[in-house]
Amino acid sequence: MDAVIMDGRRLRAGSVAAVRNILHPVTLARRVMERTDHVLLVGEGANLFAAEVGIEATPEEELLVGRELERWRQLRKDPRFKARVIFEPPSAPPSWDVPGDTVGAVAIDGEGRTAAATSTGGTPKKRMGRVGDSPLVGAGAYADDRVGAVSATGWGEPIILACLSRRVLEFTERGMGPSEASLAALEEMLVRFEGRGGVIMVSPDGSITASFNTPRMAYALWRTEEPEVLALIDEPTLP
Ligand code: ASP
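Here the residue numbers are simple positions, counted from 1 along each chain's written sequence. For a predicted model such as this one, the threshold for reporting local features is a pLDDT of at least 70, and the threshold for listing and counting side-chain atom pairs is 80 or more; totals across whole chains, interfaces and linings nevertheless cover every residue. The side-chain figures draw on all heavy atoms in the structure; neither hydrogens nor water molecules are used.

Turning our eyes to something else, we now look at the packing of aromatic side chains. Here is the rule: rings of Phe, Tyr and Trp (six-membered ring for Trp) pair when centre to centre is within 6.5 Å. Planes less than 30 degrees apart are stacked, more than 60 are edge-to-face, and the remainder are tilted. Going through the model one piece at a time under the given rule, you end up with zero aromatic pairs. The ring of Tyr142 carries the charged tip of Arg166 above its face, separated from the ring centre by 5.0 Å. To sit over a ring, a charge needs its Lys NZ or Arg CZ within 6 Å of the ring centre and within 35 degrees of the ring normal.

And the structure:
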């Protein structure tokens, strides 16, 4: 698992990559932010740190979801599968039922404090040791109270090269609105890096946007004054 968290007020972040048996990798990333002088811990070192801060290892069986495991088993047998295709519009009915687990979150409180976090198991059939965008500050997430907080998903390699989350905020710094900035950064990633993805963003004024150029993205929105969580799948814009 890979994960990152960033505090937009203090401009501090913590992240972990290639950790195993961790039920809540964002919590571990948060401990890195709060209890070390580092930003990113990887592999065995990150697992040793988890033990040090009292985060117990969760057995593999408890972390596996039956349906996703079955999808992965099917995919494993198919030598034609490439990670990039799951983020592209299918040219024919998709022949793969793809496992997926990336979760991102952005938040703002009543005092304008922003935060962003992203957690993932990575792309299906990834090579051992491969780390994607998710735990990388600026790629998988970024938060800065002055401009907003962003979390990204999609094909990790182009997201790293495009520094997608920071790029969205850079476009807003140049005067674009959040939705325009998100779409511009995604379009740039497609044109220059042949990558597709999606971003969620919260702005300092509390407005929220979700944008993607992948075939689909599911997202949800919750405001403290509203009792209901608004969940959306594949809606191109938030109502
Ligand atoms: N961005 C993730 C990665 O490349 C995958 C995803 O968001 O689905 O590791």
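A word on the site of the ligand. Here a residue is considered near a molecule or strand provided that any single heavy atom belonging to it is located within 4 Å of it. Taken together, Phe87, Thr102, Gly122, Thr123, Arg130, Gly132, Asp133, Ser134, Thr153, Gly154 and Gly156 make up the full set of residues near the ligand. In the environment of the ligand, an oxygen atom lies 2.9 Å from a nitrogen or oxygen atom belonging to the side chain of Thr102. Counting of polar contacts relies on pairs of N or O atoms within 3.5 Å, with two restrictions inside protein: one atom must be capable of donating a hydrogen and the other of accepting it, and residues adjacent in sequence are counted only when both atoms are side-chain atoms. Between Asp133 and the ligand, the recorded distance is 2.6 Å, taken from a side-chain N or O atom to a nitrogen atom. Methods summary: accessible areas were calculated by the Shrake-Rupley approach with a probe of 1.4 Å, and residue burial reflects only the protein chains presented. For the ligand, whose accessible area on its own is 270 Å², the fraction buried by protein is 93%. Gly is placed with the polar residues, together with every amino acid not listed as nonpolar (Ala, Val, Leu, Ile, Met, Phe, Trp, Tyr, Cys and Pro) or charged (Asp, Glu, Lys and Arg). Of the residues in the shell around the ligand, the class split is one nonpolar, eight polar and two charged.

Our next topic: the packing of helix H6 (residues 164-173) against helix H7 (residues 178-193). Where H6 contacts H7, the axes come no closer than 8 Å and their chain directions differ by 130°. Regarding the angle of H6 to H7, the classification is oblique. You can see that H6 and H7 cross each other, and the crossing is right-handed. Note on element contacts: H7 touches H6 through Pro178, Ala181, Ser182, Ala184, Ala185, Leu186, Glu188 and Met189, opposite Leu164, Arg167, Val168, Phe171 and Thr172. Axis definition: a line fitted to C-alpha atoms, over the contacting stretch in the case of helices. Angles run 0 to 180 degrees between N-to-C directions. Counting from the N terminus, the helices are the DSSP runs of H or I reaching at least four residues and the strands are the DSSP runs of E reaching at least two. Any angle from 65 to 115 degrees is called roughly perpendicular, while one under 35 is roughly parallel, one over 145 is roughly antiparallel, and all others are oblique. Note on convention: near helix rotated counterclockwise from far helix by under a right angle means a left-handed crossing. Clockwise means right-handed. The contact criterion used throughout is that any non-hydrogen atoms of two residues lie within 4.5 Å.

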